[in-house]
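Structural overview
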Protein chains: 4
Amino acid sequence: MTARVSVAVLGATGAVGQTFVRLLDRHPYFRIAEVGASPRSVGRSYREAATWREGELSDEIGELQVRACDPGAIRSRIVFSALDAEAALDVERCFAESGAIVLSNAKSYRMEPDVPLVIPEVNPGHLALLELQRERRGWSGGIVTNANCAVTVVAMALAPLHERFGVSTVFATTLQALSGAGYPGVSALDASSNIVPHIGGEEEKIEEELGKLLGTVGSDGAAHAGMVVSAHANRVPVVHGHTACLSVGFETEPSVEEVRAVLAEWRGAEVSRGLPTSPPDVSVLRAEADRPQPRRDADTGSGMSLVIGRVRPDPVLDVRLVAMAHNTVRGAAGGSVLNAEVMGRLGLLPDVEEGSW
Amino acid sequence: MTARVSVAVLGATGAVGQTFVRLLDRHPYFRIAEVGASPRSVGRSYREAATWREGELSDEIGELQVRACDPGAIRSRIVFSALDAEAALDVERCFAESGAIVLSNAKSYRMEPDVPLVIPEVNPGHLALLELQRERRGWSGGIVTNANCAVTVVAMALAPLHERFGVSTVFATTLQALSGAGYPGVSALDASSNIVPHIGGEEEKIEEELGKLLGTVGSDGAAHAGMVVSAHANRVPVVHGHTACLSVGFETEPSVEEVRAVLAEWRGAEVSRGLPTSPPDVSVLRAEADRPQPRRDADTGSGMSLVIGRVRPDPVLDVRLVAMAHNTVRGAAGGSVLNAEVMGRLGLLPDVEEGSW
Amino acid sequence: MTARVSVAVLGATGAVGQTFVRLLDRHPYFRIAEVGASPRSVGRSYREAATWREGELSDEIGELQVRACDPGAIRSRIVFSALDAEAALDVERCFAESGAIVLSNAKSYRMEPDVPLVIPEVNPGHLALLELQRERRGWSGGIVTNANCAVTVVAMALAPLHERFGVSTVFATTLQALSGAGYPGVSALDASSNIVPHIGGEEEKIEEELGKLLGTVGSDGAAHAGMVVSAHANRVPVVHGHTACLSVGFETEPSVEEVRAVLAEWRGAEVSRGLPTSPPDVSVLRAEADRPQPRRDADTGSGMSLVIGRVRPDPVLDVRLVAMAHNTVRGAAGGSVLNAEVMGRLGLLPDVEEGSW
Amino acid sequence: MTARVSVAVLGATGAVGQTFVRLLDRHPYFRIAEVGASPRSVGRSYREAATWREGELSDEIGELQVRACDPGAIRSRIVFSALDAEAALDVERCFAESGAIVLSNAKSYRMEPDVPLVIPEVNPGHLALLELQRERRGWSGGIVTNANCAVTVVAMALAPLHERFGVSTVFATTLQALSGAGYPGVSALDASSNIVPHIGGEEEKIEEELGKLLGTVGSDGAAHAGMVVSAHANRVPVVHGHTACLSVGFETEPSVEEVRAVLAEWRGAEVSRGLPTSPPDVSVLRAEADRPQPRRDADTGSGMSLVIGRVRPDPVLDVRLVAMAHNTVRGAAGGSVLNAEVMGRLGLLPDVEEGSW
């Protein structure tokens, strides 16, 4: 094995930041060289500053000294960002200007036409936007974003169907896990034996990001796919795993069997396969009437697989189904790590030779 | 106050049966004279046979001796049935033949064209089917059914809108409480930090019963309203309160404000108002972004109110909203008790003079 | 009915403060004239400032303008305090100096020898300390505290036993509800399918406050009862209701039957009976093997009853039992309201004539 | 690697049975050759009969045909039994008579003086009872039992302390997970936001089995250690992981530091180390004030480690602490598998040569 490439994690003490650290600790290609967090953590050891809640942590990383989130303090040229949206706006731009590739989990740049919004199995071709981004913005580095955690579930379920049958209309009701709100996040008094039928900004993200993810890329940037999407977002008392109940209308009118076959065969874009964070099965189609279930299925493929079930006819549109995936792994940190792995393979990462992975 | 009318509860030891008993204990018009249950309970005291789980129980009822569920053993002419569907088919027929009015919570007769499926605020006029029922079946009594617990939520939310704007299309995703499955019902291992995206037969009930409830009654029986309905039913870890996320298309195209105004003003059919089990407000429209919530709102109006929130435009159809009600009160036993109260007021109950309530 | 006496609630927007407001809204003797909260709420309407989470709120109170928590802004001479311990130290003293009676839920003054720590059914005689308090401190008003929520459960269960048999040793393991930590309080990620075996400072409070509550009052102040107490405090995923598993050693050696009889007969101090907030039964002894249970039993007596079960021999000490009560009602706001009612009856409240209630 | 030894699992479709199968699937020494279950499953494939709920299942095992639980149908000479107590009494005896070694999770034979009740790290020497058992009963095989799931937690925490300081008195309050009751087990309506302060027979098991586990073995069989134990058992809404709050009195009077040191150093009996199911650390002593927590810590050491925290002085006895372990792995199936591995190493298993592991 060749030497691992140094990377940094920004916002490393928060919930998504800790998941980044857990996934990158002992990663075969990347080595966490630096961790960044807010001023009150700077200078403390990572273990102490983070109040670590993710299982075991290697001493190598636990003893890293937390740095400020700016390119003066953090020198890695590959940077994973778990910053919140407000902080991300400036900080990620600074890193991109200074030549770093930022793999961002924040929403700040997702909908910019020259910023790739990428799920590696779905639309790795959108990484071509990096060139436009650099040209337009004069950056020597760049920003690549992953999708919102709930959109990730919907987009992965619909991507192979859109390719084959053309998705025109989507009703998506999401039942989203507590960990999606970070830590401390949701109050236990709001979550106990309760549903909160509202997550600020989430429905808009589902409705907007889906079109970009399933759309095409041209010289002007990303062009959205034309499907119309109606979303209902709910917070449910589940620790990990976002569930989406989907009713879907297609341009052609596939049978339920055709839809099931496409979902069963889907393996994701070839470039996304066989990487350290790729799951053995991108999508697992369950035959049981009562699956997927988040507590039992969210860890499928180490949290990187999409699990689908209940594919059946829809009385109004064409097909109904249920899709579920792990929101902090597949839908957040794991998605960004896989984005980085694909970029390395494609020669889009500093210090990584094309095709070496 | 005049003497209370004697009634019986069938299936009195089960979950819905216990809710019937709790609601009828100290009722101003009805007095539980008899309780019926399965053979293994017959002859035991009710308190002992029921393993009572509903708070306080008066000694008068706790000491009733459980009887067999047949018209030989139970002589009340007003009978509330919490029997399961299989048992209900024969038992309810026997009681109706023998002259009793059966207020049933079972699904067995709900979709028969000559059997009233009634939510008192929505379609009390369907009680006219009783005449056709007696004529066709030669019964001296009759069967009146309440709606499925999830349909009740959907139908109450849509009834005033259908009357004004004509509902044509409905997407309904339900998040249904544990108590809807009875006791012991759902295993704690299925419910803990989990979603089960399937409830056997529930989606079909939602899709079928809604049309009957919102339809008209003619000389041939009930005629269904023509809306098309797509339902996703989920079991969620909530004790009481079914939540429904609804996207609705109308024949006319009302504005969101018009929809909100109709929902805010709705008081239910006049004949349903001011009865002992009528809530002060049939429908409560919440302005907060994050309501209704089942744990906090299911007891509104002693569990008989519908609580609505998040009325907003739908990108595909016309309007989206969230509706919630207490599933074992409003959606089961309480619905049947209110049916009986309305029938008494209309002179449709044995031993009760029209207009005396 | 005579005119209601004006009272104020300090810290009215927090979790315990909201419970105070709910219990005092429509109280027959008290009328909330003023509500106090932190500077960021001052000047706003109470409804708006509180983000009300306790069911219905009368407009009369909802429209009160929030005031600053100082005797210049709040003129009521009866003041209920839901302040946190840090704020309470100064603010409660200021009110007591200025002539108000402060009924406090904070721990700040509980262990002072000249401050009554009172559960009305257990030790109303401790109110005599008020005189010593005024003398020593030169206050014209005074401070009366209720007990910690977990201690309340233990002390109520042991009070009648201590009186009869002399409690010498106590092992108490508590399973404490989420609402005991206030709002937002515990993170849903800490509470979901989890136990947190630690609540800061709680074990010390249980061990110390119990002796004072069951002790005597002399000219020098409160003298502690001599029992030795070992406590384990746990946070459990329950909304309301603290459960305590108790093993108890006595000076005499009563039989389990004698213990059961004393618990069954206990009605609390006579002066505490028949007041608006007194429960019909101070203590409810359940015969079932699996009660008390917090979700099913915490509302017994409108949340003011203690519920006891499983009285059985202890292999090491004398007797084991389980006790449970509603922590935010009996163990917090409700306890203080009952303290005030008893004080009014005894002529210890400003503007209330002795014996008028 | 040498050929794996064939084993059978009895009661293989139930909750503990499925955990046995999961732990033995791909085991380096054992190969599941046969699965036994109740008559209604016999003849069906294991996958179909079990309604598998434990993650992935190899096809090799999923396609095994379920057999009847008798030595005529099942020929393996090493048999893991997840039978319930009633069935176990006869079935396990039959297998032992017929020459098989039965590794039992049932309580039926645990307290027999000639039946080893073994936790491998604690009392592997008790396996010597097998000889007495064969002699007395005339069996050619034998029965070896694991401990009750809650006792396992208590006994592992106390074993090293008993060896050094002599445990004389124990107060143990357990907070036991839902999976301990099997599937479907506890009703979700009993578990939601609730505590059930009773588990039938559990307190007696804790009080009795502990003395046998920590006792000695002589020519007459097992002699109990003399400590006195008082237990309170509670069912709590946690999926996996039994927590025990312990107050302990010792014959000598060790300091808290001495107790902590012994717990930190404990590695378990040497014969139990380095086997496939042995955890890297038998006992993990956490320094944080709020650990162990079942949801976060139950999987430590793949569910085989004991996790301890909050070691502190006890006001009545000597020391208090909190101990927690995974109840269906460490406290049930995993414990029996480790028993078998130790027996293999000691030459006590049919077809396995001493010292070959």
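Residues numbered from 1 in each chain as written. Chains lettered and ligands numbered in written order. Predicted model: local features only at pLDDT ≥ 70, side-chain atom pairs only at ≥ 80, totals over all residues. Heavy atoms only, no water.

Our focus in this paragraph is the sheet that holds strand β3 (residues 67–68) of chain A. Residues and elements named next belong to chain A. Pairing is parallel across the open sheet formed by 6 strands, whose spatial order is β3-β2-β1-β4-β5-β6. Every other strand in the sheet has two partners, leaving β3 and β6 (142–145) as the edge strands with one partner each. Alignment of strand β2 (residues 30–37) against β3, held across 2 bridges, turns out to be parallel. Looking at β3, one finds that A37 is bridged to A68. Each of β5 (101–104) and β6 touches helix α5 (residues 129–137); the most contacted strand, β6, lies at about 140° to it. Contacts from helix α11 (residues 329–345) reach β2, β4 (78–81), β5 and β6, with the element oriented near 145° to β5. (Pairing = 2+ DSSP bridges. Helix = DSSP H or I, 4+ residues; strand = E, 2+ residues; numbered from the N terminus. Contact = heavy atoms within 4.5 Å. Axes fitted to C-alpha atoms, helices over the stretch in contact; angles between N-to-C directions.)

Let's shift gears to the relation of the copies chain C and chain A. For these two chains of identical sequence, chain C goes onto chain A by a turn of 180° and a shift of 0.0 Å along the axis, with RMSD 0.0 Å. Put plainly, the chains are arranged around a two-fold axis. Within chain C, A188 of chain C has its C-alpha nearest the rotation axis, a separation of 1.9 Å. A shared interface surface links the copies, since 100% of the contact residues of chain C are contact residues in chain A too. (Least-squares fit on C-alpha atoms with pLDDT ≥ 70 in both.)

Averaged over all residues, the pLDDT of chain A equals 96, while 99% of them reach at least 70. Model confidence for the complex is summarised by a pTM of 0.96, with the ipTM given as 0.96. (pLDDT = per-residue confidence, 0-100.)

Our focus in this paragraph is the pattern of salt bridges. Going through the model one piece at a time under the given rule, you end up with 85 salt bridges over all chains. Across the pair R26 of chain C and D25 of chain C runs a salt bridge whose closest N-O atoms are separated by 3.9 Å. According to the relative accessible area criterion, R26 of chain C is exposed, its value standing at 61%. With a relative accessible area of 10%, D25 of chain C lands in the buried category. Where R67 of chain C meets E34 of chain C, a salt bridge forms, and the shortest distance between an N and an O atom there is 3.2 Å. In this pair, R67 of chain C is assigned in strand β3 (residues 67–68) and E34 of chain C in strand β2 (residues 30–37), connecting sequence segments 33 residues apart. In this structure R67 of chain C comes out as partly exposed when scored by relative accessible area, which is 33%. Salt bridges sharing common partners tie together E203 and E207 of chain A together with R310, R312, D314 and R320 of chain B. (Salt bridge = Lys/Arg side-chain N within 4 Å of Asp/Glu carboxyl O. Buried < 20%, exposed > 50% of the residue type's maximum accessible area, 1.4 Å probe, protein only.)

This paragraph deals with the packing of helix α6 (residues 149–165) of chain B against helix α9 (residues 256–265) of chain B. Residues and elements named next belong to chain B. Where α6 meets α9, the closest approach of the two axes is 9 Å, and the angle between their N-to-C directions is 120°. Here α6 is positioned oblique relative to α9, judged by the angle of their axes. Every pair of crossing elements has a handedness; the one defined by α6 and α9 is right-handed. Contact residues: A157, P160, L161, R164 and F165 in α6; E258, V259, V262 and L263 in α9. (Parallel < 35°, antiparallel > 145°, perpendicular 65-115°, else oblique. Left-handed = near helix turned anticlockwise from the far one by under 90°.)

What follows covers the environment of G215 of chain B. All names here are of chain B. By the secondary structure assignment, G215 is in the loop between α8 (202–213) and β8 (216–218). Classification of G215 by relative accessible area gives buried; the value is 12%. With 92 residues separating them in the primary sequence, G215 and V307 have C-alpha atoms 23 Å apart. Leave out the neighbours within four places in its chain, and G215 touches H126, A223, H224 and A225.

Attention now moves to the interface of chain C and chain A. Counting from both sides, the interface comprises 13 residues of chain C and, opposite them, 13 residues of chain A. Sorting the residues of chain C by area buried against chain A places Y183, A188 and L189 of chain C first, and these three jointly supply 44% of that buried surface. The interface formed by chain C and chain A contains 0 salt bridges. Taken together, the links from chain C to chain A amount to 6 residue pairs in polar contact (both at pLDDT 80 or more). When the residues that make up the side of chain C that touches chain A are grouped by side-chain class, the tally is 8 nonpolar, 4 polar and 1 charged. (Buried area = accessible area lost by both parts, 1.4 Å probe. Polar contact = N/O pair within 3.5 Å; in protein donor to acceptor, adjacent residues only side chain to side chain. Nonpolar A, V, L, I, M, F, W, Y, C, P; charged D, E, K, R; others polar.)

Glancing now at the state of the cysteines. This structure, assessed with the given rule, holds 0 disulfides over all chains. Here C94 of chain A is not disulfide-linked; the sulfur of C69 of chain A is the nearest cysteine sulfur, at 11 Å. Considering cysteine sulfurs only, C245 of chain B is the nearest to C149 of chain B, which forms no disulfide, with 16 Å between them. For C149 of chain B, a relative accessible area of 15% corresponds to the buried category. (Disulfide = S-S within 2.5 Å.)

All names here are of chain B. Residue placement: K205 occurs in helix α8. E202 is the oppositely charged side chain nearest to the buried, salt-bridge-free K205, at an N-O distance of 4.0 Å. If near-sequence neighbours (up to four positions away) are discounted, K205 is found in contact with K107, R110, N148, V151 and L210. (Lys, Arg positive; Asp, Glu negative; His and termini not counted.)

Turning our attention to the packing of aromatic side chains. The final tally for this structure, using the stated rule, is 30 aromatic pairs over all chains. A ring pair is formed by Y109 of chain B and W139 of chain B, whose centres lie 6.4 Å apart and whose planes are at 80°; its orientation type is edge-to-face. Here the residue Y109 of chain B occupies a position in the loop between β5 (101–104) and α5 (129–137), and W139 of chain B occupies one in the loop between α5 and β6 (142–145), the gap between them amounting to 30 residues. On the basis of relative accessibility, which here comes to 6%, the residue Y109 of chain B falls in the buried class. For W139 of chain B, a relative accessible area of 7% corresponds to the buried category. Measuring from centroid to centroid gives 5.5 Å for F20 of chain D and F80 of chain D, while their planes differ by 45°, and the two rings are tilted. Of this pair, F20 of chain D sits in helix α1 (residues 15–24) while F80 of chain D sits in strand β4 (residues 78–81), placing them 60 residues apart in sequence. Chaining the aromatic ring pairs together yields one cluster made of F20, Y29, F30, F80 and W357 of chain A. (Phe/Tyr/Trp six-rings, centres within 6.5 Å; stacked < 30°, edge-to-face > 60°.)

Contacts between chain D and chain C engage 47 residues on the former and 48 residues on the latter. In this assembly, chain D and chain C are joined by 8 salt bridges. Taking the shortest distance from any N to any O, the salt bridge between D190 of chain C and R296 of chain D comes out at 2.8 Å. Counting across the interface, chain D meets chain C through 34 residue pairs in polar contact (both at pLDDT 80 or more). Contributions of two or more residues to the side of chain D that touches chain C are made by β7 (167–176), α7 (188–191), α8 (202–213), β10 (228–235), β11 (242–250), α10 (294–297), β13 (306–313) and β14 (319–325) of chain D. Top contributing element to the side of chain D that touches chain C by residue count: β10 of chain D, with 7 residues. Looking at the side of chain D that touches chain C residue by residue, the class counts come to 25 nonpolar, 11 polar and 11 charged.

Relating one copy of the chain to the other requires a rotation about an axis plus a shift along that axis. The two copies are related by a screw motion: chain D maps onto chain C through a turn of 180° and a shift of 0.0 Å along the axis, at an RMSD of 0.0 Å. Most of the interface of chain D is mirrored in chain C: 100% of its interface residues are interface residues there too.

Let us look at helix α5 (residues 129–137) of chain D. Residue and element names in this part refer to chain D. Within α5, the full set of buried residues consists of L129, L130, L132 and Q133. Angular distribution of buried residues about the axis of α5 spans 160°; they occupy a single face of the element. Seen from the buried face of α5, the exposed residues on the opposite side, beyond 90 degrees, are E131 and E135. Looking at the buried residues of α5, the elements they touch are β5 (101–104), β6 (142–145), β8 (216–218), β9 (221–223) and α11 (329–345). Of the residues one or two after α5, G138 is the one with positive phi, at around 70°. (Arc of directions from axis to C-beta.)

Residues and elements named next belong to chain D. Here helix α6 (residues 149–165) crosses α8 at 40°, and the two axes come no closer than 9 Å. Taken together, the axis directions place α6 and α8 in an arrangement best described as oblique. Here α6 runs over α8; the crossing is right-handed. Two secondary-structure elements touch here, α6 through C149, A150, V151, V154, A155 and L158 and α8 through E202, K205, I206, E209, L210 and L213. For the contact of α6 with α8, the class distribution of residues is 9 nonpolar, no polar and 3 charged.

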